[in-house]
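Okay, here's what each chain looks like letter by letter:
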Amino acid sequence: MCEREPYFHLEFVNDILLRRYSLETSSSYDGVPFPREWKAKVVVWSDLSVDDVDRLNESLSVDHVKQVLADIFHLDSWQEDPRQAIVMDLYYYTLQFAQDNNFNREKTSTFFSIIKNIHSACVETPFGNLEHTFRYFKDLILCHSVNRPPFSIELFNAEEIQKISEYTINTYFRHFKMYKYAFTPVVRLDLAITYQGVPVSPRPSVGDELTTEGTEVSPEDEQTAEHKPKEEESGARKELRAMIQTYLAEEIKKVKATVEQQLKATEDSVNRKLEDDNQARSGRRDSLKKKK
């Protein structure tokens, strides 16, 4: 069922499997985990310790920063392995953003862990989990912007939260499906269709395929095959073929329309959430100004 091959994820396969197995108590199907809700928690110093942040800040070149990251997270083959190279770029530009915004050690470590955790949530399952991951990201931001120990701490201010949100949405979430494509196996749905009144064609065995592929056809046989009259199809078979072609054409149109609607709905949802977050932050800033 699960194959690691370079095919794009199909949204309708995702919907069919999730609807079919959503009522089961198991959290996975055929070893593939379903999307789940992640619980946010305080992540200060979870992935980068004080010494790690100091080592990274003391690095004077890009190569040295990447070498330190490779030592910390065991990315020894990042120059040869494409997946490790993607992770290395993700980590490096995360640190670069923290440095450009003058984050201190606590904020740098926290922001790095937030990006690392949402990446883990994204690549946990090949099924679509954009909504789950985005909610997890908002919960992580909330955990580090409100002073409510031990559940959350006030580490980022309103301006920093806005910058972090805009950066993460414009970089990671904009390329969400590309990360999922690169790091998750592809789930393919194999369908077998039988029609009443039509005999089922037997599948060729491996030996028959090898014999067919290894057999050479002589020129005389090719000429005989060309001049051999084709068997005429019966009226029922022609009608069945036309019905199948019409049905497949309609289904392809429906699939294309569904995929376009889902992509548009996802984009609109992300934009609405970003606008809601901006309005909420503006309201909090106005309330704080009034209190002062």
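Read on for an overview of the structure.

Cut-offs applied
- Residues numbered from 1 in each chain as written.
- Predicted model: local features only at pLDDT ≥ 70, side-chain atom pairs only at ≥ 80, totals over all residues.
- Heavy atoms only, no water.
- Axes fitted to C-alpha atoms, helices over the stretch in contact; angles between N-to-C directions.
- Helix = DSSP H or I, 4+ residues; strand = E, 2+ residues; numbered from the N terminus.
- Left-handed = near helix turned anticlockwise from the far one by under 90°.
- Contact = heavy atoms within 4.5 Å.
- Nonpolar A, V, L, I, M, F, W, Y, C, P; charged D, E, K, R; others polar.
- Core = buried A, V, L, I, M, F, W, Y, C linked by side-chain atoms within 4.5 Å.
- Buried < 20%, exposed > 50% of the residue type's maximum accessible area, 1.4 Å probe, protein only.
- Expected span 1.5 Å × (residues − 1).
- Pairing = 2+ DSSP bridges.
- Phe/Tyr/Trp six-rings, centres within 6.5 Å; stacked < 30°, edge-to-face > 60°.
- Lys NZ or Arg CZ within 6 Å of the ring centre and 35° of its normal.

This part takes up the packing of helix α5 (residues 105-122) against helix α7 (residues 158-171). Between α5 and α7, whose axes approach to 12 Å, the crossing angle comes to 35°. α5 and α7 meet at a crossing whose hand is right-handed. Contact with α5, carried on its side by K107, F111, I115 and I118, involves E160, I164, Y167 and T168 of α7 and no other residues of that element. Among the residues forming the contact of α5 with α7, the class breakdown is five nonpolar, one polar and two charged.

A few words now on the nonpolar core. Counting residues in each nonpolar core, the largest one holds 50 residues, and the members touching the most others are L69 and F111. Secondary structure elements with two or more residues in this core: α2 (50-58), α3 (62-73), α4 (82-100), α5, α6 (130-143), α7, α8 (176-183) and α11 (235-291). In terms of residues, this core owes the most to one element, α4, which gives eight residues. Once you skip the residues sitting within four places of it in the chain, F111 turns out to touch T94, F97, A98, F103, F156, I164, Y167 and T168.

Bringing the environment of V87 into the picture now. The residue V87 is located in helix α4 in this model. In the structure, V87 is positioned 29 residues away from K116 in sequence and 9.2 Å away in space, judged by C-alpha atoms. Discounting residues that sit within four places of it in the chain, V87 has contacts with L75, H119 and F183.

So, on to α6. In a regular helix each residue adds 1.5 Å, so 14 residues correspond to 20 Å; α6 covers 20 Å between its end C-alpha atoms and thus fits that length. Residues of α6 that are buried: L130, T133, F134, Y136, F137, L140, I141 and C143.

Let us look at unusual backbone geometry. At the junction of P149 and P150, the peptide bond is cis and its omega measures out at 0° in the coordinates. Examined against the element boundaries, P150 turns out to sit in the loop between β4 (145-148) and β5 (152-154). The phi dihedral of H74 is positive, around 60°, even though this residue is not glycine. With respect to the helices, strands and loops of the structure, H74 is situated in the loop between α3 and α4. A positive phi angle, close to 60°, is found at N102, a residue other than glycine. Looking at where N102 falls in the secondary structure, it is placed in the loop between α4 and α5. Residue classification places N102 among the exposed residues on the basis of a relative accessible area of 69%.

Here β4 runs beside β5; their pairing, made up of two bridges, is antiparallel. Among the inter-strand pairings, R148 is bridged to a residue of β5, identified as S152. Between β4 and β5, which pair antiparallel and follow one another directly, the connecting turn spans three residues.

Here the structure, examined in full by the defined rule, presents 19 aromatic pairs. Seen from their ring centres, F103 and F111 are 6.2 Å apart, and the 85° between their planes marks the pair as edge-to-face. Using a relative accessible area of 0% as the deciding quantity, one classes F111 as buried. Ring pairs connect the aromatic residues F134, F137, Y172, F173, F176 and Y179, which therefore count as one cluster. It is R36 that lies over the ring of W38; its NZ or CZ is 4.2 Å from the centre. The side chain of K66 reaches across the aromatic face of Y92, ending 5.5 Å from its centre.

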